[in-house]
Amino acid sequence: MNSTAPQLPAHPVLAGQKALVTGANSGIGRAIAVALGAAGADVVVNYVVGDDAARAVVDEIRGHGVNAIAIKADVSSEADVERMFAEAIRELGTIDVLVANAGLQRDSAFHEMTIEQWNTVLNINLTGQFLCARAAVREFMRRGVVPSVSCAAGKIICMSSVHQTIPWAGHTNYATSKGGIKLLMESLAQEVAPLRIRVNGIAPGAIRTPINTSAWNTKAAYDRLMTLVPYGRIGEPEDIARAAVWLASDHSDYVVGTTLYVDGGMTLYPGFATGG
Ligand code: BGC
C-alpha cells in the first residue's frame, strides 16, 4: 500500500489544539465553541455584547477539562481583531483553528435599506471574516505544521449560509455577504493550501437560534418553514457544531476549499419535489 493519508490520533480528536470562535456566546457559535472544547481543544470565546453569556460558555467549556477564555472584540474592527489574536496567542500559545462565525441580519426591503443596514452586515459578516482569517493565516505561517498536534498548519472554517447560493429577497445585504464569503473562502483556500492551511465553509440552513426566531417560534411559522426543508425538521446548533469539529480535525485532512451544506436539504429546490 502506498498512501499518504495521515494516521489519525486517538480521541479526543482536537486534543492539544487551540481554537478561536467568533460570535461564540450564542447560537451556532456557542454550540461550536462547546463542541470544540468537548473534543479536546482549548477555546477562545469571542463576543461583542453579553459578558455574562460569554462567561457561561467559558465555564461550560472548562467543564470538559480544557482551557477557555473570553475575549471581547468587534470583528469588523481591525484594531480589535489584532488585539484579540495577540491576546489569544499570549494566553494559549498559538491558534490552530479559527471558526469565523460572527454574523447578523439587518433585514429590509431593498428600496428602504439604509446605508447603515448595508454596511453593518457587510462589515461584520464579510470584512470580519477577512480580518480574522488574515490574522489566523499570519499565525499559521509563523508556526507551520506541528505534527504532534495536527497534520495541517491550521484550519479556518468560514460560517456561511444556504444564502451563499439561494437568493433571498428582503435580505439583500445578508445574501450578498454570504455570497462574498463563498469566494473569500475558496480564493483563500486556493492561496494557502500549499502552506498546508485548510480553509472550508459551512452553509447552515434554518437552525434554531436567536437570528431567526420568527421563522420557528410559532406553529404557523414552523409549518411554513418546513415547506422549505425536505428532511422535515429544523436544524439544531449541535448539527452545525458536529460538522465544525470534523472540519477542524485531521479526520477531514483532505477536505480543502469545500462548503459543507448542513441544511436538511434546503438547497435541493424543494418546490420541485412535486412540480417542474
Ligand atoms: C439565516 C436564517 C434563515 C436561514 C435559512 C440563515 O443563514 O440567518 O435567518 O432562517 O438562513 O433561510
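Details of the structure are given in the entry above.
Residues numbered from 1 in each chain as written. Predicted model: local features only at pLDDT ≥ 70, side-chain atom pairs only at ≥ 80, totals over all residues. Heavy atoms only, no water.

Draft legend 1. Looking closely at the overall build of the protein. Helix and strand content of the protein: 7 helices and 7 strands. Moving toward the C terminus, one meets the helices and strands of the protein in the order β-α-β-α-β-α-β-α-β-α-β-α-α-β. Its C-alpha atoms give the protein a radius of gyration of 18 Å, within 12% of the compact-globule value 19 Å for 276 residues. By principal-axis analysis of the C-alpha atoms, the protein measures approximately 50 × 50 × 35 Å. Each of the 276 residues in the protein was classed as buried or not, and the buried ones make up 50%. Restricting the contact set of the protein to residue pairs at least 6 apart, pairs at least 24 apart contribute 73%. Here the protein has roughly 13,100 Å² of accessible surface; of this, 56% comes from carbon and sulfur atoms. Of note, the protein has its 22 positive side-chain charges centred 2 Å away from the centre of its 25 negative side-chain charges. (Helix = DSSP H or I, 4+ residues; strand = E, 2+ residues; numbered from the N terminus. Rg over C-alpha atoms; globule rule 2.2 N^0.38 Å. Buried < 20%, exposed > 50% of the residue type's maximum accessible area, 1.4 Å probe, protein only. Contact = heavy atoms within 4.5 Å. Areas by Shrake-Rupley, 256 points an atom, 1.4 Å probe, with all protein chains shown as cover. Lys, Arg positive; Asp, Glu negative; His and termini not counted. Charge placed at Lys NZ, Arg CZ, Asp CG, Glu CD.)

Draft legend 2. Structural context of the site of the ligand. Neighbouring residues of the ligand: Q105, S161, H163, W168, Y174, G205, A206, I211, N212 and M266. Between an oxygen atom of the ligand and a side-chain N or O atom of Q105, the distance comes to 2.6 Å. Separating an oxygen atom of the ligand from a side-chain N or O atom of H163 is a distance of 2.7 Å. For the ligand, the accessible surface in isolation is 310 Å², of which the surrounding protein chains cover 90%. Grouping the constituent residues of the shell around the ligand by class yields 5 nonpolar, 5 polar and no charged. (Near = heavy atom within 4 Å. Polar contact = N/O pair within 3.5 Å; in protein donor to acceptor, adjacent residues only side chain to side chain. Nonpolar A, V, L, I, M, F, W, Y, C, P; charged D, E, K, R; others polar.)

Draft legend 3. Seen up close, the packing of helix α3 (residues 78-92) against helix α4 (residues 115-143). Contact geometry of α3 with α4 gives a least axis separation of 9 Å together with a crossing angle of 35 degrees. As for the relative orientation of α3 and α4, their crossing is right-handed in sense. The segment α3 lies against α4, with E78, V81, E82, M84, F85 and I89 engaging L131, C132, R134, A135, A136, R138 and E139. Of the residues belonging to the contact of α3 with α4, the class tally is 8 nonpolar, no polar and 5 charged. (Axes fitted to C-alpha atoms, helices over the stretch in contact; angles between N-to-C directions. Left-handed = near helix turned anticlockwise from the far one by under 90°.)

Draft legend 4. How the structure looks around the sheet that holds strand β1 (residues 18-21). If you trace the 7 strands from one edge of the open sheet to the other, you get β3-β2-β1-β4-β5-β6-β7, paired in parallel fashion. Edge positions in the sheet fall to β3 (68-72) and β7 (259-262), since each has one partner strand and no second. Shown here is a sheet whose adjacent strand axes are inclined to one another by a mean of 15 degrees, direction ignored. Its contacts with the sheet put helix α1 (residues 27-38) on β1, β2 (42-47), β4 (97-100), β5 (154-159) and β6 (197-204), and the angle it makes with β1 is roughly 170 degrees. Sitting on the sheet, α3 touches β1, β2, β3 and β4, and the angle it makes with β3 is about 160 degrees. (Pairing = 2+ DSSP bridges.)

Draft legend 5. Representation of the pairing of β3 in the model. The sheet contact formed by β2 and β3 spans 5 bridges and is parallel. For V45, the partnering residue across the bridge sits in β3 and is A70. With helix α2 (residues 51-62) bridging β2 and the parallel β3, this β-α-β connection has right-handed handedness. (Right-handed = clockwise from strand over helix to strand, strands pointing away.)

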